[in-house]
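Tertiary structure, described
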Amino acid sequence: MSKLITVNVNKKPAYDIMLEKDFSMLKGKLVELEYTGKRCCIVCDSNTNKLYLSKFKKAIEGVFDTVVDYTFEAGEERKNTDTVYSIIETLVNNSFDRHDILIALGGGVVGDITGYAAAIYMRGIDFVQVPTTLLACVDSSIGGKTGVDFKSYKNLVGAFKMPSLVYIAIDTLLSLPERQYYNGMGEVMKYGLIMDASLYEWIIEKMYDIHDKKYETLEEMVGYCIDCKKRIVEKDPFEKGDRMLLNFGHTIGHAIEREKNFEFLHGECISLGMVAAAYMSLKKEKISSDEFYEIRDMFVPFNLPITIDNIDPQKILETLKHDKKSNGKTVKFILLKKVGKAYIDETVTDEEILAAIREIHFTEEDMKA
Ligand SMILES: NC(=O)c1ccc[n+]([C@@H]2O[C@H](COP(=O)([O-])OP(=O)(O)OC[C@H]3O[C@@H](n4cnc5c(N)ncnc54)[C@H](O)[C@@H]3O)[C@@H](O)[C@H]2O)c1
Ligand SMILES: [Zn+2]
């Protein structure tokens, strides 16, 4: 069963998200977007190149006048302006003009880089997102945030650039390494916790089918999350208010990512951040201790961590206070009123932050206990 979801920006339809089994429905959509006869450049990383590029090219055969591709070595390390300039060089060398198209075929790294290249080449050309990781399907491909890292600063350079289409082929998720798959589950859990208790219940109920990557379950889960993200980005397309709720778990999560030198994946770090934020919600008497333990323990079956060793809580606190999301002295935290309902809390003290970090810190004493 395929699904089509239209995302509005400023109450006007801006782009469609197509949820399909494979690439077979893409060609018709590209024709509908009037891309026939134009040039396109497909951007991949080394993994999606090997796995999908030739299949993808076959699926869109006959639409474009010229199809070129650009591939970079997989990994966050390449998410920088050098890669963006290399893409631009490919476009220049192939005489791309304002009417030609970029296609991102890969995870969030490919999507963010390609979107940013599309935002700046000739002041903006169309781009299509074809996300191939769970994280990219449920999160990064939707909403128009694009950009690259600068030195050790994540996503420091970027632009809002809406895609002209997001095309998801669920089958691509079957080739994901296990750790990458569960990495995406961190964001899935986030939607349930911040805005949709029925999604949260559904995740618990479908736990085994999620493990087995059962087709109908994957499709339903991705669809569920897209609806959540759509609701938020439509309300707040340029991140002025409600969209901040998506940062649940991210303040402490990002600080851990930085402190651990990106040894842990994003979804793993934000899971730790979500446990810490749930603990703060408990301390603020918004949720009960039963609820806290239930939330915490739900990360475990999805191979997501709930404790971490060898961290310095004080250092994590300092890092997160330097994070671009902190506003003057107070750090805005997204906390839970209950499962399915988050709010912005500006009253969290340093002591409360430290206590929450200590809650997820696994120490030698814990080992002895
Ligand atoms: N723009 C946004 O709103 C937004 C939101 C969240 C995250 N992000 C960004 O997304 C990035 C993380 O995305 P990600 O987790 O997809 O990382 P990623 O793009 O690096 O993909 C993870 C790994 O999976 C491989 N891969 C991709 N698709 C595959 C497939 N189908 N089968 C097998 N292997 C596959 C990749 O080559 C890579 O090695 C970060 O840079 C983050 O900042 C952006
Ligand atoms: Zn995230």
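Below: a short report on this structure.

Calculation notes
- Here, residues in each chain are numbered from 1, in the same order as that chain's written sequence.
- Both sets of labels track the order of writing: A upward for chains, 1 upward for ligands.
- Per-residue local features are limited, in this predicted model, to residues with pLDDT of at least 70; the limit for side-chain atom pairs, both in listing and counting, is 80 or more; totals at the level of whole chains, interfaces and linings are taken over all residues.
- With hydrogens and water set aside, each side-chain value is computed from the structure's full complement of heavy atoms.
- Being near a molecule or strand, for a residue, comes down to having at least one heavy atom within 4 Å of it.
- As used in this structure description, the phrase polar contact means that two N or O atoms lie within 3.5 Å; if the pair is within protein, one of them must be able to donate a hydrogen and the other to accept it, and residues adjacent in sequence are counted only when both atoms belong to side chains.
- Accessible surface area values rest on a Shrake-Rupley calculation with a 1.4 Å probe, where residue burial reflects the displayed protein chains alone.
- Helix and strand definitions here come from DSSP, where helices need a minimum of 4 consecutive H or I residues and strands a minimum of 2 consecutive E residues; each element is numbered from the N-terminal end.
- Donor atoms: N, O and S within 2.8 Å of the metal, or within 3.2 Å for Na, K and Ca. Because water is excluded, sites can look incomplete.
- Using a 1.4 Å probe on the protein chains alone, a residue whose accessible area is under 20% of its type maximum counts as buried, one over 50% counts as exposed, and one in between counts as partly exposed.
- Each patch is built from residues that are more than 30% exposed by relative accessible area and take part in no salt bridge. Like charges join if they lie within 9 Å; nonpolar side chains (Val, Leu, Ile, Met, Phe, Trp, Tyr) join within 5 Å.
- Salt bridges, as used here, are contacts in which a Lys or Arg side-chain nitrogen is within 4 Å of a carboxyl oxygen on Asp or Glu.
- By convention, a stacked pair of Phe, Tyr or Trp rings (six-membered ring in the case of Trp) has centres within 6.5 Å and planes under 30 degrees apart, an edge-to-face pair has planes over 60 apart, and any other such pair is tilted.
- We call a charge positioned above a ring when the Lys NZ or Arg CZ atom is no farther than 6 Å from the ring centre and deviates by at most 35 degrees from the ring normal.
- Residues count as neighbours in contact if any of their non-hydrogen atoms are within 4.5 Å of one another.

Some points on the site of ligand 1
Near ligand 1, the surroundings consist of 27 residues, among which Asp45, Glu76, Thr132, Thr133 and Ser175 are the closest. Between ligand 1 and Lys145 there is a distance of 2.8 Å, counted from a nitrogen atom to a backbone nitrogen or oxygen. Surface burial for ligand 1 is 89%, taken as the share of its 870 Å² of free accessible area covered by protein chains. The set of elements that each furnish at least two residues to the shell around ligand 1 consists of helix H2 (46-59), helix H4 (108-120), helix H5 (134-140), strand E8 (153-160) and helix H6 (178-195). Looking at the shell around ligand 1, the element that brings in the most residues is H2, giving four residues.

A look at the coordination of the zinc ion (ligand 2)
With distances of 1.9 to 2.1 Å, the protein atoms coordinating the zinc ion (ligand 2) are Glu187 (OE), His250 (NE2) and His266 (NE2). Mapped onto the sequence, the residues coordinating the zinc ion (ligand 2) show the spacing E-x62-H-x15-H. Taken together, the residues Glu187 in helix H6 and His250 in helix H10 (residues 250-259) connect sequence positions 63 residues apart. Given the relative accessible area of 6%, His250 is considered buried.

Structural notes on a nonpolar patch on the surface
Together, Phe150, Tyr153 and Leu156 make up an exposed nonpolar region whose accessible area comes to about 300 Å². Within the secondary structure layout, Phe150 lies in strand E7 (residues 145-150).

Comments concerning the packing of aromatic side chains
Taken as a whole, this structure holds eight aromatic pairs when the rule is applied. On the numbers, 5.1 Å between centres and 90° between planes, the contact of Phe160 with Phe238 is edge-to-face. Taken together, the positions of Phe160 in strand E8 and Phe238 in the loop between helix H9 (215-235) and H10 put the pair 78 residues apart, joining distant regions of the chain. Looking at Lys21, its charged tip hangs above the ring of Tyr215, at a distance of 5.5 Å from the centre. Above the ring of Tyr181, the side-chain terminus of Lys213 is found at 4.7 Å from the ring centroid.

Observations regarding the environment of Tyr121
For Tyr121, the location among the structural elements is in the loop between H4 and strand E6 (126-131). Setting aside anything within four residues of it in sequence, one finds Tyr121 in contact with Ile88, Leu91, Val92, Phe96 and Asp97.

Topic: the pattern of salt bridges
Applying the stated criterion to the full structure yields 22 salt bridges. Between Asp227 and Lys3 there is a salt bridge, and its shortest N-O distance comes to 3.4 Å. Here Lys3 lies in strand E1 (residues 3-9) and Asp227 lies in helix H9, a separation of 224 residues in the sequence. With a relative accessible area of 28%, Asp227 lands in the partly exposed category. With a relative accessible area of 33%, Lys3 lands in the partly exposed category.

Quick notes on the environment of Gly186
With respect to the secondary-structure elements, Gly186 resides in helix H6. Residue classification places Gly186 among the buried positions, given a relative accessible area of 0%. Sequence-wise, Gly186 and Glu268 are 82 residues apart; in three dimensions their C-alpha atoms are separated by 6.7 Å.

Nothing here speaks to function; it is all geometry.
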